[in-house]
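A look at the structure
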Amino acid sequence: MFIYEKMTKNVVSVKPDYSVSKAFQVLTERKHSQLPVVDDNNKLIGLVTEKLLAEVNPSKATSLSVYEINYLLTKTKVYDIMRTGVFRINQNDLIEDAALVMKENRIGSLPVVDDDNNLVGIVTRVDIFKAFIDILGVKVPGTRISLKASDNVGELAEISQIIANHNINIKNISNFTTSFGSEIIIKLDTFDTNDLINDLRQKEYEVLSVSIQN
């Protein structure tokens, strides 16, 4: 699954010559925590965050007047405070690559660029969650089967063949490492799996759970 398939495409960005007050207004109105900064050619050059804007905004304890504060925020530009050298990801990278970068660097989103560094979107935690839901087929009606798996060569092929012998279509299949080893989660395009479950158990596959999802 590629980034461009799951990223948010209508990304909100700001220009480096925007005032801090204008950037803060955009961020507040759009309810974002950070905004990509692009030049006139839509090239990604930095990032401005809620934290950076808050650091520039004078505290309530300041001796400055309201007019002086407004003047300061108007004169201070985004390029004065933006973070450069930001993490980014190419639209043709995989969604799991984005998830790994975000997890390892504890960031909530990644600007997405094309091969020429043009900003084409943004991928957020919500986009990662949506991709995870799709991978597991959570919204697909049918039956979810969880099996305890081993590392035997050909095991997944054998399980798939058993399912095919019952003329059942596999909608999604995933393999996860757990505390007890490996777990295979299969989403089937049917609600009638009694014969299949019996067949799997007769072939000594441990069925961990079976649940219907409408």
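Model, not experiment: these values are computed from the prediction.

Structural notes on the pairing of strand 6 (residues 142-149)
The buried fraction of strand 6 amounts to six of the eight residues, a majority that puts the element mostly inside the structure. Across seven bridges, the pairing between strand 6 and strand 9 (residues 206-213) is antiparallel. Across the sheet, the residue bridging to Leu-147 is Val-207, located in strand 9. Summarising the sheet, strand 6 and strand 8 (residues 181-188) pair through seven bridges and their orientation is antiparallel. Note that in strand 8 the partner of Lys-148 across the bridge is Glu-183.

Here's the deal with the side chain of Thr-190
Positionally, Thr-190 belongs in the loop between strand 8 and helix 9 (194-202). In terms of polar contacts, Thr-190 uses its side chain to reach the backbone amide nitrogen of Asp-192, at 3.1 Å. Apart from residues lying up to four places away in sequence, Thr-190 is in contact with Gly-142, Thr-143 and Ile-168.

Here's the deal with the pairing of strand 2 (residues 44-49)
Where burial is concerned, most of strand 2 is hidden: five out of the six residues are buried. Where strand 1 (residues 34-38) hands over to strand 2, the hairpin turn is made up of five residues, of which Asn-42 adopts a positive phi near 65°.

About the criteria used
- Residues numbered from 1 in each chain as written.
- Predicted model: local features only at pLDDT ≥ 70, side-chain atom pairs only at ≥ 80, totals over all residues.
- Heavy atoms only, no water.
- Buried < 20%, exposed > 50% of the residue type's maximum accessible area, 1.4 Å probe, protein only.
- Helix = DSSP H or I, 4+ residues; strand = E, 2+ residues; numbered from the N terminus.
- Pairing = 2+ DSSP bridges.
- Polar contact = N/O pair within 3.5 Å; in protein donor to acceptor, adjacent residues only side chain to side chain.
- Contact = heavy atoms within 4.5 Å.

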